[in-house]
Amino acid sequence: MLLQLINVEKTYSNFGIETVALNDINLSVNQGEFVSIMGPSGCGKSSLLNIMGLLDKPTKGEVIFLGDKVSQSNSSKRAFLRRNHIGFVFQSFNLIEELTIYENIELPLMYLKVSASERKKRVGELMERLHIAHKSNYFPQQISGGQQQRAAVARALISKPNLILADEPTGNLDSARGQEVMEMLVELNEEGTSVVMVTHSSTAAEYSQRIIHLFDGQLVTENLKRVTN
Amino acid sequence: MGLSKDFSLFVASRLRENKGKNFSSLIARIAVGSIAIGIAVMILAFAIFAGFKHNIQEKIFSLASHIQAKKWVDSYSYEEIPVSTQLDLYQNAAEIPGVEHIQVYSRKACILKTDLEVSGAVMKGVGTDYDSARFNKNLIAGSFIDLDKKNYSTEIVVSNNIAKRLQLSLGDRLSVYFVQDPPRVRRVTVKGIYETGIEDFDDLIIIGDIRLIQRLNDWDSTQVGGFEIFIDDFDQLDVVFENVWDAMDPELGISKVTEMYMQFFDWFIMLNRNVVVVLVVILFVAGFNVISVTLIMITERTNMIGTLKALGSSNGQIRKIFVYNGVRLIVKGLVLGNLLALGFGFLQNQFKLIPLDPSNYYMDAVPVMFDTSVILLTNLGFIALILLILMIPTYIIARFQPIKAIRFS
Ligand SMILES: Nc1ncnc2c1ncn2[C@@H]1O[C@H](COP(=O)(O)OP(=O)(O)OP(=O)(O)O)[C@@H](O)[C@H]1O
Ligand SMILES: [Mg+2]
């Protein structure tokens, strides 16, 4: 098992106002799975993804990542796990606008201390594969949204993570670009990377094996879509 | 593609290339400007201070030697006790390491009297060994007394203050009453008028022939009031003082100019408190600007910080990005500031951009005297301090939750 959440609760408190974003969530993700999370706005999808990605700590409950209890680990331990095992794809791409596409994708390798020649090789191959090699020296603002999201996916992938977390990766794309990105995620998933994706789109969710429905911070249903061998 | 190995340095270098479109680039320019002005003002303050100090000290050396030797007495005596020019110290001074010149002097209290006015004074008698070059810079009218006459000279040089007080001009004759028992009087002629700007001298000292004092004191030609010793390098005063101490005859006592005129040599006494306040304010402003520009840069880039955290960068790595950026501002500011200070100093010394009224100050233009080690130290101190200040705002990065940073983008 890659990731397990046990009785996870998340409460935000701002200026004395408490918002319960997640309530008693039990959930696990196996290596190689493709899971979608769906639900109405404000039901806690992003909160759940943040906890799964070790970006945020649960208020209560336990998170087990690769066999380790990590819900209360310190920030450098969690940064280490993110750096080595988790890739993120955001709705708004979040490429760093001062860096070229090439440099954005290369970035995670730089703090993994991968040698320059190895970086060059891996980034080049991946860009080739995601059909953005010709945009290598462009800056994010200079290329289309679809290309930006592919670059963001490439950046999430470059460190060969076990898990990719995507928060509405197609949310800012038209359906054709959205489909491209989904096909790419499926392809990665078929190569063994686990994918957890938040989405509003049932078309996008169709690509996954399992759909988790959230409502008001609670897990309502889980349906199996597709079975892998 | 020349990619730097260090992640933080790399990102920092790219942030800079993308300047010109953010609010922070305006603030950055203000910060660079304030650092530049800050360092320039500091360097100039020290250089002008050094210039004043140097000028004032030169004035002092024109009437007081680096080291003074006279008969050692254990109680204050009004009358000078003579020492002999036959003493080893005087005869062999040139052999003492660091000593440049030795000359005799004698002092005698007197009262100057014209038909209208009276004024107290001290006559400083000098001999043929007197190095008048140093003193002559202070002459504003006439010339130095002629010491080559066969008999003692009755010429004197008076200060401008005394000349004004007694309404004396060049060539005027007046009576000098020497205070002794019984009092004696001599008629003398004003040969020159000097001005040092230092009241201790200008209110009191007139220059005359030492032979006149010898005669009045009933001394022979080997008897003098004391010796004035000049040394090669004023910075070596303490060392040479020891050398003189070792070489001198036991009946003598010596003292340093820095002790006799302490108020002109003590750095801390001279450094006006207002100057210190101004310097502290400058540092404070520069530090404040660096803090605000760094804070603005950080808040402008919450999105990037959040993304970097999500990708697994450590807080330290992200913090370094902003520290590097700050360092770049500091270096830019320092280079500019140093150029500004050196440029201004050069122009001031060449063209006297800021003149002074010599009657109120001791010189005609603001003096600027650079000292490489002082400039270096000022820069180093500035860097250290601003770097320290720069660390403060970067600590808030650790408190950024990655999700929040991304969420609010
Ligand atoms: N930092 C925060 N402080 C306070 N409340 C928060 C914070 N983040 C989220 N919330 C609240 O927690 C609840 C769940 O938010 P979350 O963003 O996880 O929902 P979501 O399902 O991702 O919504 P959407 O589909 O609009 O992205 C919401 O009520 C939200 O207002
Ligand atoms: Mg959301």
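**Let's talk about the overall build of chain A**
Looking only at helices and strands, one finds seven helices and ten strands in chain A. Looking at chain A as a whole, 55% of its 229 residues are labelled buried. By sequence separation, contacts in chain A at least 24 residues apart represent 68% of the contacts at least 6 residues apart. Accessible surface computed for chain A: about 9,800 Å², of which carbon and sulfur atoms make up 48%.

**Quick look at the side chain of Thr378 of chain B**
All names here are of chain B. Along the chain, the position of Thr378 falls in helix α14 (residues 372-394). The exposure class assigned to Thr378 is buried, which follows from its relative accessible area of 10%. For Thr378, the contacting residues outside a window of four places in its chain are Ile39, Met42, Ile43 and Phe46.

**Here's the deal with the nonpolar core**
All names here are of chain A. The biggest cluster of nonpolar side chains holds 35 residues, and the ones touching the most others in it are Phe34, Ile101, Ile105, Ile132, Ile164 and Leu185. Secondary structure elements with two or more residues in this core: α3 (101-111), α4 (116-129), α5 (145-157), β7 (163-167), α6 (175-190) and β8 (194-198). Of all hydrophobic cores here, the second largest spans 31 residues; its members include Ile25, Val29, Leu165 and Ile212.

**Considerations on the site of ligand 1**
By nearness alone, 15 residues border ligand 1, and Ser41, Gly42, Lys45, Ser46 and Ser47 of chain A come closest of all. Ligand 1 sits at a junction of chains, with neighbouring residues supplied by chains A and B. Contacts to ligand 1 include Gly44 of chain A, whose backbone N or O atom sits 3.0 Å from an oxygen atom. A distance of 2.5 Å is found between an oxygen atom of ligand 1 and a side-chain nitrogen or oxygen belonging to Ser47 of chain A. Secondary structure elements with two or more residues in the shell around ligand 1: β1 (3-14), β2 (17-29) and α1 (45-52) of chain A. With three residues, α1 of chain A is the single largest residue contributor to the shell around ligand 1.

**Thoughts on a nonpolar patch on the surface**
All names here are of chain B. Nonpolar side chains collect at one region of the surface, where Ile111, Val118, Tyr177, Val179 and Val185 lie side by side and expose about 380 Å² of accessible area between them. Here Val118 shows up in strand β4 (residues 118-126). Owing to a relative accessible area of 52%, Val118 belongs among the exposed residues under this scheme.

**A word on the sheet that holds β2 of chain A**
Working definition: the strands of a sheet are paired by backbone hydrogen bonds and lie parallel or antiparallel to each other. All names here are of chain A. One open sheet accounts for four strands, arranged β2-β1-β4-β5; its pairing is antiparallel. Where the open sheet ends on each side, the last strands, each with one partner, are β2 and β5 (68-69). Here β1 pairs with β2 via nine bridges, running antiparallel. Within the sheet, the bridge partner assigned to Tyr12 lies in β2 and is Thr19. Strands in contact with α1 are β1, β2 and β4 (60-65); relative to β2, the strand with the most contacts, it is inclined by about 60°.

**Considerations on α4 of chain A**
Residue and element names in this part refer to chain A. Here α4 spans 20 Å end to end across 14 residues, near enough to the 20 Å set by a 1.5 Å rise per residue. Along α4, the positions that sit buried rather than exposed are Arg119, Arg122, Val123, Leu126 and Met127. Within α4, the buried residues cover an arc of 125° as seen down the axis, which keeps them to one side. In α4, the exposed residues that point more than 90 degrees away from the buried face are Ser117, Lys120 and Glu128. For α4, the elements touching its buried residues are α3 and α5. At the exit of α4 stands His131, carrying a positive phi of roughly 60°.

**Things to note about a negative patch on the surface**
Residues and elements named next belong to chain B. There is a patch of like negative charges on the surface, built from Glu100, Asp232, Asp233, Asp235 and Asp371. With respect to the helices and strands, Asp233 occurs in the loop between β11 (226-231) and α8 (237-247). Judged by its relative accessible area of 35%, Asp233 falls in the partly exposed class.

**With respect to the packing of α5 of chain A against α6 of chain A**
Residue and element names in this part refer to chain A. Direction vectors running N to C along α5 and α6 enclose 15°, while the axes themselves pass 9 Å from each other. Taken as axis vectors, α5 and α6 run roughly parallel relative to one another. Considering only the axes of α5 and α6, their crossing is right-handed. Within the contact between the two elements, α5 uses Gly146, Gln149, Arg150, Val153 and Leu157 and α6 uses Arg177, Glu180, Val181, Met184 and Leu188. Split into classes, the residues belonging to the contact of α5 with α6 amount to five nonpolar, two polar and three charged.

**A closer look at the side chain of Thr85 of chain B**
Residue and element names in this part refer to chain B. Within the secondary structure, Thr85 is located in the loop between β2 (83-84) and α3 (88-91). On the accessibility criterion, Thr85 (11% relative accessible area) is buried. Other than its neighbours up to four places away in sequence, Thr85 contacts Tyr90, Gln91, Val104, Thr222, Val224 and Phe227.

**Quick notes on the environment of Ile111 of chain B**
Residues and elements named next belong to chain B. In this structure, Ile111 sits in strand β3 (residues 99-113). The spatial distance from the C-alpha of Ile111 to the C-alpha of Ala121 is 5.8 Å, given a sequence separation of ten residues. Beyond its immediate sequence surroundings of up to four residues, Ile111 is in contact with Val118, Ser119, Gly120, Ser175, Val176 and Tyr177.

**As for the confidence of the model for chain A**
Summary statistics for chain A give a mean pLDDT of 90 and a share of 97% for residues scoring 70 or more. Ranking the elements of chain A by mean pLDDT puts strand β10 (residues 218-224) of chain A last with 80 and β4 of chain A first with 96.

**Things to note about the packing of aromatic side chains**
Taken as a whole, this structure holds seven aromatic pairs over all chains when the rule is applied. Aromatic pair Phe201 of chain B and Tyr261 of chain B: ring centres 5.5 Å apart, planes at 65°, arrangement edge-to-face. Separated by 60 residues along the polypeptide, Phe201 of chain B in helix α6 (residues 199-202) and Tyr261 of chain B in the loop between α9 (257-260) and α10 (267-270) bring together distant segments of the chain. For Phe201 of chain B, a relative accessible area of 3% corresponds to the buried category. Among the aromatic residues, those joined into a cluster by ring pairs are Tyr130, Phe135, Phe144 and Tyr194 of chain B. Sitting over the ring of Tyr138 of chain A, Lys135 of chain A keeps its end group 4.6 Å from the ring centre. The ring of Phe241 of chain B carries Lys256 of chain B above its face, with NZ or CZ at 4.9 Å from the centroid.

**Observations regarding the pairing of strand β6 (residues 155-159) of chain B**
For a regular strand, side-chain orientation follows a simple rule: the groups alternate between the two sheet faces. All names here are of chain B. Along β6, five of the five residues are buried, which leaves the element largely enclosed by surrounding structure. Side chains of β6 alternate between two faces, with Glu155, Val157 and Ser159 and Ile156 and Val158 buried alike. Two elements, β6 and strand β8 (residues 184-194), share five bridges in a ladder whose sense is parallel. Following the sheet pairing, Glu155 is matched in β8 by Thr189.

Thresholds applied
- Residues numbered from 1 in each chain as written.
- Chains lettered and ligands numbered in written order.
- Predicted model: local features only at pLDDT ≥ 70, side-chain atom pairs only at ≥ 80, totals over all residues.
- Heavy atoms only, no water.
- Helix = DSSP H or I, 4+ residues; strand = E, 2+ residues; numbered from the N terminus.
- Buried < 20%, exposed > 50% of the residue type's maximum accessible area, 1.4 Å probe, protein only.
- Contact = heavy atoms within 4.5 Å.
- Areas by Shrake-Rupley, 256 points an atom, 1.4 Å probe, with all protein chains shown as cover.
- Core = buried A, V, L, I, M, F, W, Y, C linked by side-chain atoms within 4.5 Å.
- Near = heavy atom within 4 Å.
- Polar contact = N/O pair within 3.5 Å; in protein donor to acceptor, adjacent residues only side chain to side chain.
- Patch = residues over 30% accessible without salt bridge, like charges linked within 9 Å, V, L, I, M, F, W, Y side chains within 5 Å.
- Salt bridge = Lys/Arg side-chain N within 4 Å of Asp/Glu carboxyl O.
- Pairing = 2+ DSSP bridges.
- Axes fitted to C-alpha atoms, helices over the stretch in contact; angles between N-to-C directions.
- Expected span 1.5 Å × (residues − 1).
- Arc of directions from axis to C-beta.
- Lys, Arg positive; Asp, Glu negative; His and termini not counted.
- Charge placed at Lys NZ, Arg CZ, Asp CG, Glu CD.
- Parallel < 35°, antiparallel > 145°, perpendicular 65-115°, else oblique.
- Left-handed = near helix turned anticlockwise from the far one by under 90°.
- Nonpolar A, V, L, I, M, F, W, Y, C, P; charged D, E, K, R; others polar.
- pLDDT = per-residue confidence, 0-100.
- Phe/Tyr/Trp six-rings, centres within 6.5 Å; stacked < 30°, edge-to-face > 60°.
- Lys NZ or Arg CZ within 6 Å of the ring centre and 35° of its normal.

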